[in-house]
Amino acid sequence: MKNILVSIDFDGNERVLLAQAIMLAKKFGSKIWVLHIAAPNPDFVGYEAGPKFERDFRANQLREEHKKIQEYSDALEEKGLDTEALLVQGATVETIMEKASDLNIDLIIAGHSDHDFLYKAFIGSVSSQIIKKSKIPVLIVPFD
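These remarks concern the structure in this document. Not measured: the values here are computed from a predicted model.

## As for the overall build of the protein chain
Moving on, step 1. The helix and strand inventory of the protein chain stands at five helices and five strands.
Moving on, step 2. The order of helices and strands in the protein chain, counted from the N terminus, is β-α-β-α-β-α-β-α-α-β.
Moving on, step 3. Within the span of the protein chain, comprising 144 residues, buried residues form 39% of the whole.
Moving on, step 4. In the form shown here, the protein chain has an accessible surface area of approximately 8700 Å², with 53% of it arising from carbon and sulfur atoms.

Following this line, the structure appears as structure tokens:
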């Protein structure tokens, strides 16, 4: 197992996911790819029609998310692990699958929180969608 992809979303459970990645990376000598999928820009962002304050707000959000994910990657490097941080905008599950393919990932690590019926009915679970679409092994870490 050479490449492990850890998908984090800044919900406060990142350390739980990274702990699993650290344990496996140390045992197998794997590289850890810390991935955060940022929400896509609203249609008007980046175009003249959009208000400047909205573009500035979104740019600041992305800078903060990039800073956070880089801090996680730097902390792993301080532990002697080979790691890289990625911040990508897009649809969550599709982007995870795309990056897993592009990076020759051997294992995807994602978290799972239990939600109520309405949430599951309308939104669904990212972790279950990853399991359905992935052709490579997936480790789901429960948060609850």
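## Remarks on a negative patch on the surface
Moving on, step 1. On the surface, a cluster of negative charge is contributed by E64, E71, D74, E77, E78 and D82.
Moving on, step 2. The exposure class assigned to E71 is partly exposed, which follows from its relative accessible area of 46%.

## Some words on the nonpolar core
Moving on, step 1. Among the nonpolar cores identified, the biggest contains 20 residues, and V6, I32 and I109 are the most heavily contacted of them.
Moving on, step 2. If you list the elements that add at least two residues to this core, you get β1 (3–8), α1 (14–28), β2 (31–38), α2 (52–78) and β4 (107–112).
Moving on, step 3. In this structure V6 touches L17, L18, A21, I32, W33, V34, L35 and I109, once residues within four positions along its chain are discounted.
Moving on, step 4. The next biggest cluster of nonpolar side chains, apart from the first, holds 15 residues, and it includes I96, A100, I105 and I130.

## As for unusual backbone geometry
Moving on, step 1. One non-glycine residue, F10, lies in positive phi territory at about 60°.
Moving on, step 2. Within the fold, F10 resides in the loop between β1 and α1.
Moving on, step 3. One non-glycine residue with positive phi stands out, namely N104, at about 55°.
Moving on, step 4. Within the secondary structure, N104 is located in the loop between α3 (92–102) and β4.

## Some words on the packing of aromatic side chains
Moving on, step 1. Within this structure, the stated rule accounts for zero aromatic pairs.
Moving on, step 2. One Lys or Arg, K68, reaches over the ring of F10 and ends 5.1 Å from the middle of that ring.

## Regarding the sheet that holds strand β3 (residues 83–89)
Moving on, step 1. With parallel pairing, five strands are arranged side by side in an open sheet as β3-β2-β1-β4-β5. Every other strand in the sheet has two partners, leaving β3 and β5 (138–142) as the edge strands with one partner each. Here the strands of the sheet are splayed against their neighbours by 25° on average, with no regard to which way each runs.
Moving on, step 2. With five bridges connecting them, β4 and β5 associate as parallel partners. The residue of β5 that forms the bridge with I109 is L139.
Moving on, step 3. Running at roughly 160° to β3, α2 makes contact with β1, β2 and β3 of the sheet.
Moving on, step 4. In the packing of α3 onto the sheet, the strands contacted are β1, β2, β3 and β4, and the crossing angle to β2 comes to about 150°.

## Brief notes about the side chain of S134
Moving on, step 1. Within the secondary structure layout, S134 lies in the loop between α5 (126–133) and β5.
Moving on, step 2. Its relative accessible area of 13% is what places S134 among the buried residues.
Moving on, step 3. Polar side-chain contacts of S134 include one of 2.7 Å to the backbone oxygen of I136.
Moving on, step 4. In contact with S134, other than residues within four places in its own chain, are M97 and I108.

Cut-off values and rules
Residues numbered from 1 in each chain as written. Predicted model: local features only at pLDDT ≥ 70, side-chain atom pairs only at ≥ 80, totals over all residues. Heavy atoms only, no water. Helix = DSSP H or I, 4+ residues; strand = E, 2+ residues; numbered from the N terminus. Buried < 20%, exposed > 50% of the residue type's maximum accessible area, 1.4 Å probe, protein only. Areas by Shrake-Rupley, 256 points an atom, 1.4 Å probe, with all protein chains shown as cover. Patch = residues over 30% accessible without salt bridge, like charges linked within 9 Å, V, L, I, M, F, W, Y side chains within 5 Å. Salt bridge = Lys/Arg side-chain N within 4 Å of Asp/Glu carboxyl O. Lys, Arg positive; Asp, Glu negative; His and termini not counted. Charge placed at Lys NZ, Arg CZ, Asp CG, Glu CD. Core = buried A, V, L, I, M, F, W, Y, C linked by side-chain atoms within 4.5 Å. Contact = heavy atoms within 4.5 Å. Phe/Tyr/Trp six-rings, centres within 6.5 Å; stacked < 30°, edge-to-face > 60°. Lys NZ or Arg CZ within 6 Å of the ring centre and 35° of its normal. Pairing = 2+ DSSP bridges. Axes fitted to C-alpha atoms, helices over the stretch in contact; angles between N-to-C directions. Polar contact = N/O pair within 3.5 Å; in protein donor to acceptor, adjacent residues only side chain to side chain.

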